[in-house]
Amino acid sequence: MKINVAHIRARATNGGHIDFVVFDAKSSSGGDAANNQLLAQLTARAEASGLKVDQSALAYSENGRIRFFGSKHLVDHLSKIGLPSWTHSINV
């Protein structure tokens, strides 16, 4: 299965940079434990593909709205800026 990925490097509040990855995916059950497991698997796959990942999140549609699940600071950031554009894809 092909998963869309957004890999973005942004300026951190401390003046450095942060690399974050957003995956166009949700676990089949949608539960927190399953989403955590899926996020860990996809993050490991992205890192194995050569992407630097400081924080990661899942992005999916639920009841007509985009929802984010993952690193708290990244989810808060994405909730403000919205869904980033997909830059890569990975096969799982």
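Residues numbered from 1 in each chain as written. Predicted model: local features only at pLDDT ≥ 70, side-chain atom pairs only at ≥ 80, totals over all residues. Heavy atoms only, no water.

Caption draft 1: Just the pattern of salt bridges, in detail. Taken as a whole and assessed by the stated rule, the structure comprises six salt bridges. One salt bridge connects Lys-52 with Asp-19, and the closest N-O pair in it is separated by 3.6 Å. In this pair, Lys-52 is assigned in the loop between helix 1 (32-48) and strand 3 (55-62) and Asp-19 in strand 2 (residues 17-24), connecting sequence segments 33 residues apart. Classification of Asp-19 as buried rests on a relative accessible area of 5%. Between Arg-67 and Glu-62 there is a salt bridge whose closest N-O contact spans 3.7 Å. On the accessibility criterion, Arg-67 (30% relative accessible area) is partly exposed. Taken together, the shared-partner salt bridges in this structure form one network comprising Arg-9, Asp-19, Lys-52 and Asp-54. (Salt bridge = Lys/Arg side-chain N within 4 Å of Asp/Glu carboxyl O. Helix = DSSP H or I, 4+ residues; strand = E, 2+ residues; numbered from the N terminus. Buried < 20%, exposed > 50% of the residue type's maximum accessible area, 1.4 Å probe, protein only.)

Caption draft 2: Broad picture of the nonpolar core. Among the nonpolar cores identified, the biggest contains 15 residues, and Ile-3, Val-5, Phe-23, Ala-25, Leu-42, Leu-58 and Ile-90 are the most heavily contacted of them. Broken down by secondary-structure element, the contributors of at least two residues to this core are strand 1 (2-11), strand 2, helix 1 and strand 3. Counting residues per element, this core draws most heavily on helix 1, at four residues. By size, the runner-up hydrophobic cluster in this structure holds nine residues, among which are Val-22, Leu-74, Val-75 and Leu-78. (Core = buried A, V, L, I, M, F, W, Y, C linked by side-chain atoms within 4.5 Å.)

Caption draft 3: Representation of helix 2 (residues 72-81) within the structure. All of the buried residues in helix 2 are Leu-74, Val-75 and Leu-78. Burial along helix 2 is one-sided: seen end-on, the buried residues are contained in an arc of 100°. For helix 2, the exposed residues set more than 90 degrees away from the buried face come down to Lys-72, His-73, Ser-79 and Lys-80. Where helix 2 is buried, its residues contact strand 2, strand 3 and strand 4 (65-70). (Arc of directions from axis to C-beta. Contact = heavy atoms within 4.5 Å.)

Without other data, these values stay purely geometric and don't point to any function.
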